[in-house]
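What follows is the residue order along each chain.
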Amino acid sequence: MLSLTKIDINQKRKEFSGKEDTYVYLAIQSAKYKHRNINAVYNKNIHKWRNEEEVNDNPIEQVRLTVPIADDPAQPALTFRTWVLGIIACVLLAFTNQFFGYRQNQLSISSVAAQIVSLPLGKLMAALLPTKKIHVPFTKWSFSLNPGPFTLKEHVLITIFASCGSGGVYAVNIITAVKAFYQRHLNPGAAMLMVQTTQLLGYGWAGIFRKVLVDSPYMWWPSNLVQVSLFRTLHEEEKRRKGGLTRLQFFSIVFISSFAYYTIPGYLFPSLSVISVACLIWKESITAQQIGSGLNGLGIGSFGFDWATVASFLGSPLANPFHTIANIMIGFFLLVYIITPILYWTNAYDAKKFPILSSHTFDSTGHPYNVTRILDPVSFDINLKEYNNYSKLYLSVLFAVVYGFNFANLAATISHVALFEGKSILRMWSKAKGGMKENFKDVHTRIMEKNYERVPEWWFASILIVSIALSLLAVEGFNKQLQLPWWGLLLACGIALFFTLPIGIIQATTNVQVGLNVITELIIGYLYPGRPLANVTFKTYGYISMVQALSFVSDFKLGHYMKIPPKSMFIVQLVGTIVGSSTYFATAWFLLTNIKNICNPDLLPKGSPWTCPGDDVFYNASIIWGIIGPGRMFSKLGVYGQMNWFFLAGFLLPFPMWILARKYPQKKWIKLINVPVILAATGALPPAKPVHYICWAFVGFIFNYYVYTRYKAWWARHTYILSAALDAGLAFMGIVLFFSLQSRDIYGPDWWGLTSDDHCDLAHCPTAPGVLVHDCPTPTH
């Protein structure tokens, strides 16, 4: 490599006297890194550099290597094609994800599926639609159905639309808990307001902090670089190689195969989803089934032949690097195969009175907790006299330790980020503040300011004011069905506002988001105990509005990188959020009112998939944190006070990894051991079950370790497309089966394989003497 000093550079500047310094500098840099003659480099690239006009001075190397600095402001963005394909993608993903959210095997389709499918559709519209302009009556506005070739900017906006439909609406869990589990009336107006406002409040927080979190080049949002790379890949010209397939052909083949195959586990043979070998051999042994059941036990020897089993709760394993999969499985192994067996078979917390794995709540006799016994039917809050005469609340031992892991993860995230990323974050924050004071702008900010108008501040302020006003109406109106007082709403908003900036800085620089769900549950659980809806409503406003804010900011940064007009980004995100939230609400309300006994497996017909595993966990969490409250669960008044030690353990655990990483800096694998990821691994347990983790990890190992290391070119070209095609094929067949057969109570041929469980009928049984449970043998030891 040539070594060029300042003297050398100055000399070269003199040689190129009369030419722009920028191009001289670029020529010198090219010669420095490519070992080429500076004059030749300059002459060959001068026209290209003059067209780009900008020096890529972004301070983050990964951004410089990934994000292009070229922009064509004349390229169409918010077109007729964008609106049509974007809204369709938003509605379809929102409907599909909510539809599958109530099923035994949940499935979440990401916006990547729409990102891939919309490309050929956009090109098809560009080829077929007329180009004649259409004038809007009584206005000066006009638009064209076909403004020319399908553009990258249209594609980005369609994907943003789709992400608004794929992100989920947390507030729908509250509606499901009230209507399906508590069996109470809920005013649809209050429900709709809650759904919309919890999603829209984040726009206000984002508007307040976007100057730091978007405009600052030091806030680089690493996850967006994957999207930038995928967009660039999809828009490169591609010709089918001899004997090979284009990406679209590969997607089509996998999609059709996935679509056709899902008729087997989705209708003809649901038992293929989970096969637990131990239960097929030891049909009369509770212990063997506890060990071998993939759904209600430890899952040893359990597997499934269904993509929904692989991706339903943990997402597609193909999208996770192998070190993340390894960290998650370390946490899973620690909880499921070490801590849980020790606690269960030593009968800690009376564990043998209850199933080894369950998301339900129990009383001291080992039977399901009778919530109606302690709830006042009028005020819908706790009746302390009845509670004291009845029983403390108990959990399955695995579910209890999952809460302990959540406590530990909260503390570990703080210490881990402080130890491993603290200096980096402070340095980035200092540079960001300094850059703001000095008005430092990198190449991307300069291009955006030169070519496009900024979003006015009053747009964000208006949404914030209207959202808070409608939120107050939702909680204080409608006979106060949501139980949360006005001060609780304002406190939740204050928490979200306070944490958006620091958590945003952490996520923008480290790709780690610290969750507020445990903190919000604890705060309102202590301040306002005994009211289940108040607890979950407070959590949703305090936690999800911050998540929405950071999601909005992240998407805005993606638009910043891809040179999308900011006003177009804002409009697409706002409309997409409203349309997606409305679709989630309408889908949930339709299913809750039209499927008899939805979310009640004991009353559902054989083979019915509508068991609502995620909502079941949410409902039981509302009992734990809302009705009983943390003061009667995790203190000396409750059974699980010792779980508070997990806070201390979690805080201390990152220290050994940090010490080892400093002592052995050459051992790069040490830094890949991420304690917060290990502790957060079991956050999906339940509703996820061991079989889901096992299948997810197996597929992840095959593709993201074996294929990645041995066939990297194939992996880079096909892996993400494979994941999107498998998701999309399964989703479409699931919807076809529902509307053609299952909506008419036709669930497949009546035979042994029709049941959607793993035939481990005894895995849920207690083993403590004297505890009698329906359908379980009497314990004899």
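Within each chain, residues carry numbers counting from 1 in the order of the written sequence. Residues qualify for local features only when their pLDDT is at least 70, as the model is predicted, and side-chain atom pairs are given and counted only at 80 or more; totals for whole chains, interfaces and linings, by contrast, use all residues. Hydrogens and waters are ignored; side-chain quantities use all the structure's heavy atoms.

Visitor: How do you make sense of the environment of Gly-404 when you look at a structure like this?
Guide: For helices the rule is a DSSP run of H or I covering at least 4 residues; for strands it is a run of E covering at least 2, with both sets numbered from the N terminus onward. You can see Gly-404 is positioned in helix 19 (residues 397–437). Through-space distance from the C-alpha of Gly-404 to that of Tyr-640 is 9.2 Å; in sequence the pair is 236 residues apart. Residues count as neighbours in contact if any of their non-hydrogen atoms are within 4.5 Å of one another. Those residues within four positions of Gly-404 in sequence are excluded, and the remaining contacts are Met-643 and Phe-646.

Visitor: Would you mind showing me how to read helix 31 (residues 690–710) here?
Guide: Turn by turn, an α-helix covers 3.6 residues, leaving residues three or four places apart pointing in a common direction. What a helix is expected to span follows from its residue count: subtract one and scale by 1.5 Å. If you check helix 31, its first and last C-alpha atoms are 29 Å apart, about what 21 residues at 1.5 Å a residue would give, namely 30 Å. Residue burial is assigned from relative accessible area. The probe radius is 1.4 Å, only protein chains are included, and a residue is buried under 20% of its type maximum, exposed over 50%, and partly exposed in between. Where helix 31 is concerned, the buried positions are Pro-690, Val-691, His-692, Tyr-693, Cys-695, Trp-696, Ala-697, Val-699, Gly-700, Asn-704 and Val-707. Taken together, the buried residues of helix 31 touch strand 4 (302–303), helix 15 (307–311), helix 16 (322–345) and helix 32 (712–740).

Visitor: It is not clear to me how the side chain of Arg-81 should be interpreted in this structure. Could you clarify?
Guide: Locating Arg-81 in the fold gives a position in helix 5 (residues 80–101). Within 3.5 Å is the distance limit for a polar contact, defined as a pair of N or O atoms, with the added protein rule that one can donate a hydrogen and the other accept it, and that residues adjacent in sequence qualify only through two side-chain atoms. Polar side-chain contacts of Arg-81 include one of 2.7 Å to the backbone oxygen of Gly-148.

Visitor: Would you mind showing me how to read the packing of aromatic side chains here?
Guide: The way to describe two aromatic rings as a pair is by their centre distance and the angle between their planes. Classification of ring pairs rests on two measures: the distance between centres of Phe, Tyr or Trp rings, Trp counted by its six-membered ring, which must be within 6.5 Å, and the angle between planes, read as stacked under 30 degrees, edge-to-face over 60 and tilted in between. What the rule picks out here adds up to 49 aromatic pairs. Taking 6.1 Å as the distance between ring centres and 85° as the angle between the ring planes, the aromatic pair formed by Phe-250 and Trp-714 counts as edge-to-face. Of this pair, Phe-250 sits in helix 11 (residues 247–261) while Trp-714 sits in helix 32; the two residues are 464 residues apart in sequence, bridging distant segments of the chain. With a relative accessible area of 34%, Trp-714 lands in the partly exposed category. Pairing Phe-251 with Phe-255 gives two aromatic rings, centres 6.2 Å apart and planes at 10°, and the pair type is stacked. Of this pair, Phe-251 and Phe-255 both sit in helix 11, four residues apart, roughly one helical turn. A relative accessible area of 7% means that Phe-251 is categorised as buried. Judged by relative accessible area, which is 21%, Phe-255 ranks as partly exposed. One aromatic cluster is present, built from ring pairs that chain together Tyr-203, Trp-458, Trp-459, Phe-460, Phe-552, Phe-556 and Phe-570. Whether a charge sits over a ring depends on NZ of Lys or CZ of Arg being within 6 Å of the ring centre and within 35 degrees of the ring normal. In this structure, Lys-179 is placed above the aromatic ring of Trp-589, and the distance from its NZ or CZ to the ring centre is 4.4 Å. For Arg-184, the ring lying beneath its charged end belongs to Phe-380, and the centroid distance is 4.1 Å.

Visitor: What should I look at first to understand the environment of Ile-624 in this one?
Guide: Within the secondary structure, Ile-624 sits in helix 26 (residues 613–628). Note on Ile-624: relative accessible area 0%, which makes it buried. Sequence separation between Ile-624 and Glu-521 is 103 residues; the distance between their C-alpha atoms is 9.9 Å. Leaving out residues up to four positions away in the same chain, Ile-624 has contacts with Thr-361, Leu-393, Leu-395, Phe-399, Tyr-403, Gly-629, Pro-630, Met-633 and Phe-634.

Visitor: What is the right way to read a nonpolar patch on the surface from this model?
Guide: Patches draw on residues past 30% relative accessible area with no salt bridge. Two like charges within 9 Å are joined, as are two nonpolar side chains (Val, Leu, Ile, Met, Phe, Trp, Tyr) within 5 Å. We get accessible surface area from the Shrake-Rupley algorithm with a probe of 1.4 Å; when it comes to residues, only the shown protein chains can shield them. A side-chain nitrogen of Lys or Arg and a carboxyl oxygen of Asp or Glu constitute a salt bridge if their distance falls within 4 Å. Together, Tyr-261, Ile-264, Leu-268, Val-277, Leu-280, Ile-281, Trp-282, Phe-303, Phe-305, Trp-751 and Trp-752 make up a nonpolar patch on the protein surface, roughly 1000 Å² of accessible area in all. Going through the elements one at a time, helix 12 (263–268) and helix 13 (277–281) are the ones with two or more residues in the nonpolar patch. Residue placement: Tyr-261 occurs in helix 11. Taking relative accessible area as the criterion, Tyr-261 reaches 35% and is therefore assigned partly exposed.

Visitor: Please explain the nonpolar core as it appears in this structure.
Guide: It is characteristic of soluble globular proteins that their nonpolar side chains tend to be buried jointly. Here, nonpolar core refers to any group of buried Ala, Val, Leu, Ile, Met, Phe, Trp, Tyr and Cys residues whose side-chain atoms link them within 4.5 Å. Ranked by internal contacts, the top residues of the largest apolar core, which has 193 residues, are Tyr-102 and Trp-610. Among the elements that line this core, the one with the most residues is helix 24 (residues 532–562), at 16 residues. Counting residues in hydrophobic clusters, the runner-up holds eight residues, among them Leu-85, Leu-119, Phe-150 and Leu-230.

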